[in-house]
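Descriptive structure summary
Single-letter residue listing:
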Amino acid sequence: MIIDERIIQAEKELEPIFKKAEEVALNNTNKILNAFRKNRISANHFYGSTGYGFDDLGREKLMRVFADSFGAEEAIVSQSISCGTEALTTVLYGLLRPGDKMLTLTGKPYDTLDETIFGLKDGTDNGSLKDFGVQYEAIELIDGKFDEKTILEKVKENPKMIYIQRSCGYLLRKAIRIKDLEDIIAKIRKVNTTSIIMVDNCYCEFVEEKEPTEVGADVTAGSLIKNPGGGLVSNGGYIAGKKKYIDLIAGRFTSPSIKTEVGSFEGGYRLIYQGLFMSPHTVLQAKKGSMLIGRVMKNLGYKLVDESDTMADIVRSVYFEDKDDLVSFCGSVQHYSPVDSYVTPIPAPMAGYTHDVVMAAGCFVQGSTIELSCDSPLTVPYVLYIQGGLTYEHVKLAVNDYLQNRKG
């Protein structure tokens, strides 16, 4: 097949950036391998259990491997956690009590947490944090960076939780890099040693060489159908952090009386172990694909939300001047997908959005954002959010199709 010259040129420009990304993947693979070796993982840990799941060594070892891979004391890993939103919600309900305050340092969290934090718009009791008397306050980023002055004043009030969302969601900002996260945590700890620092790590796992719990965060959480599942896991989530906080969260996850002592999954745990092992390499594929998209589109004159080639998550956000051009890119992603390639993305209304939404996702696992997908609420400015890619070759082929069909 013929590969567009603009892709070949972009790859030449990206060679040194790709090499650095490969070094990150190598170091993360080594870290995860050390966790497997330390915990003496063998094939008997892949088998599941039934009923209560007492003495389920596979489950117990899996949580230890995740904890060690994230530089944490303990972890909860379960396919009973339906998604990243549930993992985050479990943390919030596990740690916050009536009268406590949740202070976010990156503005309002993802829209999917709105009803968890603020409740229903009509004020009806839905069991939200607000209904339970939990206070909320947000500090906005300034030009994509932490508002250090305001943060260091507010944290002196000792809020129960300091909440940080690394990835951008639908906000037009860069993801929070681990170096910046480490820096703000260190500064916070100089004036506040008691607040729980919680980091939403969705889309960011193994993109850089350290995780939030390795740079001072008390708790972090995410989804297994994103980065840490390596594209192999069909559902689930993880929570990792300090033992005393994981213990409280476990009481919410199951019951205060049983915590993580029970919990069976008859299907077994092999794919979760294997997905974690594969994740640094899979994330590397997504990163390289995202870098390629960014460089090709930038060379064509498109504006990017994050103009740099280095990344802190697997999301690439691209501005489009023309709505039809954006939809065309979605079409290339869909038509070059292994699943539902015959489907053509069409903008349509979607619950929870005030504008039509277009999306493309021919995924093996529904909603998996480590697989190549993209979406956009069609409102000015037109921004397409592109994420994932199990293989670099897949992303390259989708971009090639877009270039061949692009007008101009």
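Everything in this summary refers to the structure shown in the same document. Here the structure is a predicted model, which is why all the values come from computation and not from measurement.

Procedures and definitions
Residues numbered from 1 in each chain as written. Predicted model: local features only at pLDDT ≥ 70, side-chain atom pairs only at ≥ 80, totals over all residues. Heavy atoms only, no water. Helix = DSSP H or I, 4+ residues; strand = E, 2+ residues; numbered from the N terminus. Rg over C-alpha atoms; globule rule 2.2 N^0.38 Å. Buried < 20%, exposed > 50% of the residue type's maximum accessible area, 1.4 Å probe, protein only. Pairing = 2+ DSSP bridges. Axes fitted to C-alpha atoms, helices over the stretch in contact; angles between N-to-C directions. Contact = heavy atoms within 4.5 Å. Phe/Tyr/Trp six-rings, centres within 6.5 Å; stacked < 30°, edge-to-face > 60°. Lys NZ or Arg CZ within 6 Å of the ring centre and 35° of its normal. Salt bridge = Lys/Arg side-chain N within 4 Å of Asp/Glu carboxyl O. Parallel < 35°, antiparallel > 145°, perpendicular 65-115°, else oblique. Nonpolar A, V, L, I, M, F, W, Y, C, P; charged D, E, K, R; others polar. Left-handed = near helix turned anticlockwise from the far one by under 90°. Disulfide = S-S within 2.5 Å.

Within the protein one finds 10 helices and 11 strands. For 408 residues, the compact-globule estimate of 2.2 N^0.38 gives 22 Å, and the C-alpha radius of gyration of the protein, at 21 Å, lies within 12% of that figure. If you line up the protein on its principal axes, its C-alpha atoms span 65 × 50 × 40 Å. Sorting the 408 residues of the protein into buried and exposed places 54% on the buried side.

Another point: the sheet that holds strand β1 (residues 74-78). With mixed pairing, 7 strands are arranged side by side in an open sheet as β1-β7-β6-β5-β4-β2-β3. Among the strands making up the open sheet, the edge pair consists of β1 and β3 (135-138). Each strand of the sheet is rotated relative to its neighbour by a mean of 15°, with strand direction disregarded. As judged from the 5 bridges shared by strand β4 (residues 161-165) and strand β5 (residues 196-200), these two strands associate in the parallel manner. When the bridges of β5 are listed, I164 appears paired with V199. Contacting β1, β5, β6 (219-223) and β7 (237-241), helix α7 (residues 243-253) crosses the sheet at an angle of about 30° to β1.

For the rest of this paragraph, the subject is the packing of aromatic side chains. Summed over all chains, the structure comprises 16 aromatic pairs. Aromatic ring contacts, followed pair by pair, group F36, F46, Y273 and F277 into a single cluster. Against the face of Y392 rests K288, its NZ or CZ located 5.4 Å from the ring centre. Over the aromatic face of Y319 sits the side chain of K303, whose NZ or CZ is 5.1 Å from the ring centroid.

As a working rule, side chains carrying opposite charge can pair if their charged atoms are close by. In the structure shown here, the tally under the stated rule is 24 salt bridges. One salt bridge in this structure joins R64 and E74, with 3.5 Å as the shortest N-O distance. Residue R64 is found in helix α2 (residues 57-69), and its partner E74 is found in strand β1; the two are separated by 10 residues along the sequence. In this structure, K187 and D183 form a salt bridge, with 3.2 Å as the shortest nitrogen-oxygen distance.

On to the environment of A217. Tracing the backbone through its elements, the reader meets A217 in the loop between β5 and β6. Residue A217 is classed as buried on the basis of its relative accessible area of 4%. Separated by 36 residues in sequence, A217 and L181 place their C-alpha atoms 8.8 Å apart.

Contact pair helix α3 (residues 84-95) / α7: the axes reach a minimum separation of 8 Å and the direction vectors enclose 105°. Put simply, α3 runs roughly perpendicular to α7. Where α3 abuts α7, its residues T90, V91, Y93, G94 and L95 lie against Y245, L248, I249, R252 and F253. Per-class residue counts for the contact of α3 with α7 are 7 nonpolar, 2 polar and 1 charged.

Time to look at the sheet that holds strand β11 (residues 382-387). The 4 strands are arranged β8-β11-β10-β9 in an open sheet whose pairing can be described as antiparallel. The sheet is open, and its two borders are formed by β8 (315-320) and β9 (357-361), each paired with just one other strand. Averaged over all pairs of adjacent strands, the angle between their axes in this sheet comes to 15°, without regard to strand direction. Summarising the sheet, β9 and strand β10 (residues 373-377) pair through 5 bridges and their orientation is antiparallel. Within β10, the residue paired with A361 across the bridge is S373.

This part is about the packing of helix α9 (residues 323-335) against helix α10 (residues 392-405). One can describe the packing of α9 onto α10 by two numbers: an axis separation of 8 Å at closest approach and a directional angle of 135°. Judged by the angle between their axes, α9 and α10 are oblique. Where α9 crosses over α10, the two elements pack in a sense that is right-handed. Across from D325, S328, F329, S332 and V333 in α9, the residues of α10 making contact are A398, D401 and Y402. Residues that form the contact of α9 with α10 fall into these classes: 4 nonpolar, 2 polar and 2 charged.

This next bit is on the environment of T50. Along the chain, the position of T50 falls in the loop between α1 (5-38) and α2. Linking T50 and Q404, residues 354 residues apart in sequence, is a C-alpha distance of 53 Å. Aside from chain neighbours lying at most four places away, what touches T50 is S264 and E266.

Covalent bonding between the sulfur atoms of two cysteines is what defines a disulfide. With the rule as written, the count across this model stands at 0 disulfides. With no disulfide partner, C83 has as its closest neighbouring cysteine sulfur the one in C202, 8.8 Å distant. C83 gets classed as partly exposed once you look at its relative accessible area, which sits at 28%. Considering cysteine sulfurs only, C374 is the nearest to C330, which forms no disulfide, with 3.6 Å between them.

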